[in-house]
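Descriptive structure summary
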Amino acid sequence: MKLISGGVCAAQGFRASGIHCGIRKNHSKKDLALIVSDVPAAAAAVYTTNLVKGAPLTVTKNHLADGKAQAVICNSGNANTCNANGIEIAEAMCALVEQATGVPAADVVVASTGVIGQPLDITPIAAGMEPLTAGLSRDGSGSAARAIMTTDTVKKEIAVEFTLGGKVCRLGGIAKGSGMIHPNMATMLVFLTTDAAISAAMLHKALSSDIANTFHMLSVDGDTSTNDMVTVLANGLAGNPEITAAGPDFTAFMEALNTVTVQLCREIAGDGEGATKLLECVVTGADDPQTARVCAKSVICSSLVKAAMFGSDANWGRVLCAIGYSGADVDVHKIDVSFRSPKGEIPVCRDGAGIPFSEEKAKEILLEKQIEILVSLGEGACGATAWGCDLTYDYVKINGDYRT
């Protein structure tokens, strides 16, 4: 397997585009994205656990009931959530894709992101369909990635190349996410594409299994969004024997999928609203995977841990505190904690108690942009990783007047 360029257009038969159509007031920011497969594709998706769900999620879920899709349309700047005519607008967006591309509306994934509770006018979207479809290209992943951004500061895309049944396959994705990001999904949107041949049932199995250790282990601010969704389209144009059951090819596909989703998790966490640092909590020595996941998520979600990392303060007691209230059944007297970055690694706690360490060295380590919080529970062979970011003054500034 190797990393390649191309994002959602790396796989055969996918084109993408992104434009500014007028939903957002800032004309320099793109706000409408389109991804189209040359042929119908197997499709799967997972959705936010928030009881308040954006209308696009309801429409997409209905459209994917048959396990097929061929296009994705997404706008930014307005979430189309809590609107009386939200379903009507989401369906209208799909109908516009059919008119412009010939892809049946029922085979369109629709997504929206931005302000909640604001009416979404279909007029600029309709007016933008001609330039949007005219711009579809194999080089369009970057434009689409920028068009789905809200408070994101950088576009997020990745692709990999791998082999299934002797055939070269590609899998790529784009994502947006910066705030309202918390385990059990987030204002996170992720669109994945692959030319691998895999049944809709196995595609759903792969995605559902993967997110437990990737997107469900991601947190920026503790808020679970109303509109988040991860969707994957597989058009089979690579020509490999279709994956219809578990086996070596399915394992290889899962590895490729995980490579992409882990990187997107890291990019989303590192671009958290106001963030200056990517935090990665690696828990080892757990009796079972769930215990490891619970502990890692609790540490990464702790506002006090996040604030300490912003201040480059090796306050390891906050790490233990977060594990202690996580609900995990662990022996706190066996826990070891270290901090690591490109500047080195420093142990700060052993067997649940502090040990002497250089505050100066710890500060040097924690001043880096990527920090690992290493936790050993000392009880078993299972582990988990969670991703997050520091908590800064700018987070409050960004969200204090986000709507106005």
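Preceding this section is the structure that the text describes.
First, a word on scope: everything that follows refers to the structure included in this document. (Residues numbered from 1 in each chain as written. Predicted model: local features only at pLDDT ≥ 70, side-chain atom pairs only at ≥ 80, totals over all residues. Heavy atoms only, no water.)

**Focus: the overall build of the chain**
Just so we agree on the cut-off: Runs of H or I in DSSP of at least four residues are treated as helices and runs of E of at least two as strands, each being numbered from the N terminus. For the radius of gyration, the atoms used are the C-alpha atoms, and the globule rule reads 2.2 Å times the number of residues raised to 0.38. For each residue, the accessible area found with a 1.4 Å probe, counting protein chains only, is set against the maximum for its type, and the residue is called buried under 20%, exposed over 50%, and partly exposed in between. Using the Shrake-Rupley algorithm and a 1.4 Å probe, accessible areas are obtained, with residue cover drawn only from the displayed protein chains.
Helices and strands together make up the secondary structure of the chain, namely 11 helices and 15 strands. For 404 residues, the compact-globule estimate of 2.2 N^0.38 gives 22 Å, and the C-alpha radius of gyration of the chain, at 21 Å, lies within 12% of that figure. When its C-alpha atoms are laid out on the principal axes, the chain stretches across 70 × 55 × 35 Å. Counting over 404 residues, the chain shows a buried share of 55%. In the structure as shown, the chain presents an accessible area of about 15500 Å², 52% of it carried by carbon and sulfur atoms.

**Section: the packing of helix α1 (residues 55–63) against helix α2 (residues 86–101)**
Rules: For helices, the fitted axis covers only the stretch in contact; all axes are lines through C-alpha atoms, and the angles between them, taken along N-to-C directions, range from 0 to 180 degrees. Roughly parallel here means an angle under 35 degrees, roughly antiparallel means over 145, roughly perpendicular means 65 to 115, and every remaining angle is called oblique. Left-handed describes a crossing whose near helix is turned anticlockwise from the far helix by less than a right angle; the clockwise case is right-handed. In what follows, a contact means two residues having at least one pair of non-hydrogen atoms within 4.5 Å.
Two elements in contact, α1 and α2, have axes separated by 8 Å at closest approach and are oriented at 55°. Taken together, the axes of α1 and α2 are oblique relative to one another. In this structure, α1 crosses over α2, and the sense of that crossing is right-handed. Contacts from Ala55, Pro56, Thr58, Val59 and His63 in α1 reach Gly86, Ile87, Ala90, Glu91 and Cys94 in α2.

**Looking at the nonpolar core**
The cut-off we apply is this: Think of a nonpolar core as a cluster: buried Ala, Val, Leu, Ile, Met, Phe, Trp, Tyr and Cys residues, connected wherever their side-chain atoms sit within 4.5 Å.
Ranked by internal contacts, the top residues of the largest apolar core, which has 76 residues, are Phe215, Phe253, Met309, Val319, Phe339, Ile373 and Val375. The element that contributes the greatest number of residues to this core is helix α6 (residues 248–270), accounting for 11 residues. The next biggest cluster of nonpolar side chains, apart from the first, holds 27 residues, and it includes Val8, Tyr47, Leu57 and Cys74.

**Digging into the pattern of salt bridges**
Where charged atoms from two side chains of opposite charge come close, those side chains can pair. Basically, it comes down to this: The rule for a salt bridge is simple: a side-chain nitrogen of Lys or Arg has to be within 4 Å of a carboxyl oxygen of Asp or Glu.
By the definition in use, this model includes 11 salt bridges. Lys155 is paired through a salt bridge with Glu157; the nearest N and O atoms lie 3.0 Å apart. According to the relative accessible area criterion, Glu157 is partly exposed, its value standing at 23%. The shortest N-O distance in the salt bridge between Arg266 and Glu280 comes to 2.7 Å.

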